[in-house]
Protein chains: 4
Amino acid sequence: MSGINKVILVGHLGKDPEVRHLDGGVTVASFPLATSESYNKDGKRVEQTEWHNIVLWRGLAEVASKYLTKGKLVYIEGKLRTRTFEDREKVKKYVTEVVAENFTLLGRKSDFESPAPAAAAPKAEHDFSGTNDINGDIPF
Amino acid sequence: MSGINKVILVGHLGKDPEVRHLDGGVTVASFPLATSESYNKDGKRVEQTEWHNIVLWRGLAEVASKYLTKGKLVYIEGKLRTRTFEDREKVKKYVTEVVAENFTLLGRKSDFESPAPAAAAPKAEHDFSGTNDINGDIPF
Amino acid sequence: MSGINKVILVGHLGKDPEVRHLDGGVTVASFPLATSESYNKDGKRVEQTEWHNIVLWRGLAEVASKYLTKGKLVYIEGKLRTRTFEDREKVKKYVTEVVAENFTLLGRKSDFESPAPAAAAPKAEHDFSGTNDINGDIPF
Amino acid sequence: MSGINKVILVGHLGKDPEVRHLDGGVTVASFPLATSESYNKDGKRVEQTEWHNIVLWRGLAEVASKYLTKGKLVYIEGKLRTRTFEDREKVKKYVTEVVAENFTLLGRKSDFESPAPAAAAPKAEHDFSGTNDINGDIPF
DNA sequence: TTTT
DNA sequence: TTTT
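Structural notes, computed from the coordinates. Each chain has its residues counted from 1, running along the sequence as written. For naming, the first written chain is A and the first written ligand is 1, with later ones following in the order written. The predicted nature of this model means local features are confined to residues of pLDDT at least 70 and side-chain atom pairs, given and counted, to a pLDDT of 80 or more, with totals for whole chains, interfaces and linings taken over all residues. Excluding hydrogens and water, the side-chain figures rest on all heavy atoms present in the structure.

1. Some words on the relation of the copies chain D and chain C
- In this comparison the copies share one frame, found by least squares on the C-alpha atoms of residues holding pLDDT of at least 70 in both. Expressed as a screw operation, the relation of chain D to chain C combines 0.0 Å of axial shift with a rotation of 180°, fitting to an RMSD of 0.1 Å. Seen this way, the second copy is the image of the first under a two-fold rotation axis. The C-alpha atom lying nearest the rotation axis in chain D is that of Val7(D); the distance is 2.2 Å.
- Residue contacts follow a heavy-atom distance rule, with two residues in contact if any of their heavy atoms lie within 4.5 Å. A shared interface surface links the copies, since 100% of the contact residues of chain D are contact residues in chain C too.

What follows is the structure, encoded as structure tokens:
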């Protein structure tokens, strides 16, 4: 019988997506995603960050590689999958990944657009970091 | 900034919960949960099962140890947490667990009760009692 | 910017799905779904039922009309949509519906199949073997 | 039997929360939340916005009234509840609301902080939009 | 009535 | 390794 295996994350990319093209032309993208939670402990604000291995396949991998970059805030929906693999020493290991089925960029308009003209909103220096914009037609 | 780290599972317990009492009186329970997905591959029905490590703390652990047993169908909501530990050979390893924040038993009423002696409460009659189905005032 | 509008329900159908075929051949199915919550109030167990209007389109409507019937336990994922309409007296009214994007039947195997003849599927023996784990033949 | 009734939304507040104090000292807050979805129709980008009635009770209402303001991007988790009421003409009506059980502000750091000292960065210039800040100690 |  |  069918069950449900669903993960919902909102967090920031720790790195740009890493894209690979497998034999047969299948595209896979992956990146680490940080979800942070903060709470009070003994009167102090503590922040705890959890890192997730996000994996995207085919068309979703291609869209991700175009629009997602390090630092972006993103909503991700997917499922858990634990894989086994052998490391260099032939030791069997486990990794749990979130296989994305859907994602949505969150954040402000400025996160989705090319920087405004320098005169109107002098952002040029800031934008040199290159982490903050997308060009072209964004399909979401 | 806060993010979201949420897992939603519906599946069957692979074993009865294992309960431990830590120093300080904190209760922890854990069990494996199977979520199955079936799909067609080359015209055949394939079933793929994913296993999850579920961990519950304190009061939730205690409720779980009372009501959850091997084979039960349960809805679990929680968050992902990846821990590191050293195995017997002092090799650093990772496990990803689902720390439950909430759970709900699913299934039929009969799954929640001790089975009535067959002679005393034949299923047909039992169901006629009207406690187990959705008749009555449906507002649309 | 895109947002998220997601509903997750587990409940029982209040009626069989009602199926309509619109002009142009589009199929729509709808049914009421009950989600019940029980809690303690003044020392008594109180059960509160919430009714949801579920709507399914096209292929999903067709699958629903085949497999879902009154009383079945189902997991539904979808989104909220509030529509306006005029009642018979031309009064403008609002309804909020859950437009299903996905659903999964929950419950036991026996809920999915016609019961096998006892001789053909000796369940007692099978179940005796399975003391501790879910390998091979999973009985749900 | 218990079911699941869960709503997950990410969207922007259409208005500041409206706060009421009921007899007995219970606080209720409510606001409209917009979730937007955009898709291609006949080669054009179409945006469709869904409006949700969000209701928060007690402590959550109080936190919301402090930190949520019109325009903010927020993650909301809650459940559906359909209420009946009589309008001025004594006509029975239905409203479906999302009773929040949890929320998290999303967005950038600048959305969570007081504006920099006026002399150093007068609000108007600094924020441009001017709709975007919170004062005081924000606990998330 | 939001936001992009 | 992100973000606040």
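2. What about the pattern of salt bridges?
- Salt bridge, as used here, is a side-chain nitrogen of Lys or Arg placed within 4 Å of a carboxyl oxygen of Asp or Glu. Throughout the structure, instances matching the rule amount to 24 salt bridges over all chains.
- As a salt-bridge pair, Lys79(B) and Glu37(A) come within 3.2 Å of each other at their nearest N and O atoms. Here Lys79(B), found in strand E5 (residues 73–86), pairs with Glu37(A), found in strand E3 (residues 27–41), and the two come from separate chains.
- Three exposure classes are used, based on accessible area relative to the maximum for each residue type with a 1.4 Å probe and protein chains only: buried under 20%, partly exposed in between, and exposed over 50%. Residue Lys79(B) is classed as partly exposed on the basis of its relative accessible area, which comes to 22%. Here a helix means four or more residues in a row that DSSP labels H or I, a strand means two or more in a row labelled E, and each is numbered from the N terminus.

3. Re the interface of chain D and chain C
- The interface of chain D with chain C comprises 29 residues on the first partner and 29 residues on the second.
- For the pair chain D and chain C, the summed buried surface comes to about 2,200 Å²; carbon and sulfur atoms form 48% of the total.
- At the boundary of chain D and chain C, one finds two salt bridges.
- Distance and chemistry together define a polar contact, namely a pair of N or O atoms within 3.5 Å, with one atom able to donate a hydrogen and the other to accept it when in protein, and with adjacent residues in sequence counting only for side-chain atoms on both sides. Summed over the shared surface of chain D and chain C, the result is ten residue pairs in polar contact (both at pLDDT 80 or more).
- Of all the elements in the fold, those that place two or more residues in the side of chain D that touches chain C are strand E1 (4–13), strand E3 (27–41), strand E4 (44–57), strand E5 (73–86) and strand E6 (92–105) of chain D.
- The element contributing the most residues to the side of chain D that touches chain C is E1(D), with eight residues.
- Note that Gly is not counted as nonpolar here; it falls among the polar residues with everything else outside the nonpolar set of Ala, Val, Leu, Ile, Met, Phe, Trp, Tyr, Cys and Pro and the charged set of Asp, Glu, Lys and Arg. Across the side of chain D that touches chain C, the residue classes break down as eleven nonpolar, ten polar and eight charged.
- Note: strand E1 (residues 4–13) of chain C against E1(D), seven bridges, orientation antiparallel. The residue of E1(D) that forms the bridge with Ile4(C) is Val10(D). Note on terms: buried area is the combined drop in 1.4 Å-probe accessible area of two parts once they are placed together, counting the loss on both. At least two bridges found by DSSP between two strands is the condition for calling them paired.

4. Thoughts on the pairing of strand E1 (residues 4–13) of chain B
All names here are of chain B.
- Within E1, ten of the ten residues are buried, which leaves the element mostly enclosed by the surrounding structure.
- Relative to E5, E1 runs antiparallel, the two being bridged by six bridges. Each residue of the ladder has a partner; that of His-12, found in E5, is Leu-73.
- Sheet analysis places E1 next to strand E3 (residues 27–41), joined by two bridges and oriented antiparallel.

5. Section: the environment of Val98(D)
- Relative to the helices and strands, Val98(D) is located in strand E6.
- The class of Val98(D) is buried, set by a relative accessible area of 2%.
- For the pair Val98(D) and Ser30(D), spaced 68 residues apart in sequence, the C-alpha separation works out to 9.7 Å.
- Setting aside its immediate chain neighbours within four residues, Val98(D) contacts Leu80(C), Val7(D), Leu9(D), Asn53(D), Ile54(D), Val55(D), Gly78(D), Lys79(D) and Leu80(D).

6. Brief notes about the side chain of Glu50(A)
- Take Glu50(A): it is sitting in strand E4 (residues 44–57).
- The charge count includes Lys and Arg as positive and Asp and Glu as negative, but it does not include His or the ends of the chains. Buried and unpaired, Glu50(A) has Arg81(B) as its nearest opposite-charge partner, separated by 6.2 Å.
- Within the local environment of Glu50(A), its side chain forms a polar contact with the backbone nitrogen of Thr82(B), the two atoms lying 2.6 Å apart.
- Not counting residues up to four positions away in its chain, the partners in contact with Glu50(A) are Leu33(A), Ala34(A), Thr35(A), Asn5(B), Leu80(B), Arg81(B) and Thr82(B).

7. Considering the pairing of E4(A)
Residue and element names in this part refer to chain A.
- Summarising the sheet, E3 and E4 pair through 14 bridges and their orientation is antiparallel. When the sheet's bridge partners are listed, Ser-36 is paired in E4 with Thr-49.
- Taking the residues that link successive antiparallel strands as the turn, the E3-E4 hairpin has two residues, and the phi of Asp-42 there is positive, at about 50°.
- Strand direction decides the pairing type here: E4 and strand E6 (residues 92–105), joined by two bridges, are parallel. Bridging across to E6, Ile-54 finds its partner in Val-98.

8. Focus: the environment of Ala34(A)
All names here are of chain A.
- Position of Ala-34 among the secondary structure elements: in strand E3.
- Distance from Ala-34 to Thr-49, taken between C-alpha atoms, is 6.2 Å for residues 15 residues apart in sequence.
- Apart from the residues within four sequence positions on either side, Ala-34 is in contact with Gly-11, His-12, Thr-49, Glu-50 and Trp-51.

9. Remarks on helix H1 (residues 58–67) of chain A
All names here are of chain A.
- For H1, every residue scored as buried is listed here: Ala-61, Ala-64 and Tyr-67. Buried residues along H1 cover an arc of 145° about the axis, so they all sit on one side. Turned more than 90 degrees from where H1 packs its buried face, Arg-58 and Lys-66 sit exposed.
- Of the surrounding secondary structure, the elements contacted by the buried residues of H1 are E3, E4 and E6. By arc we mean the arc of the directions from the helix axis to the C-beta atoms, nothing more.

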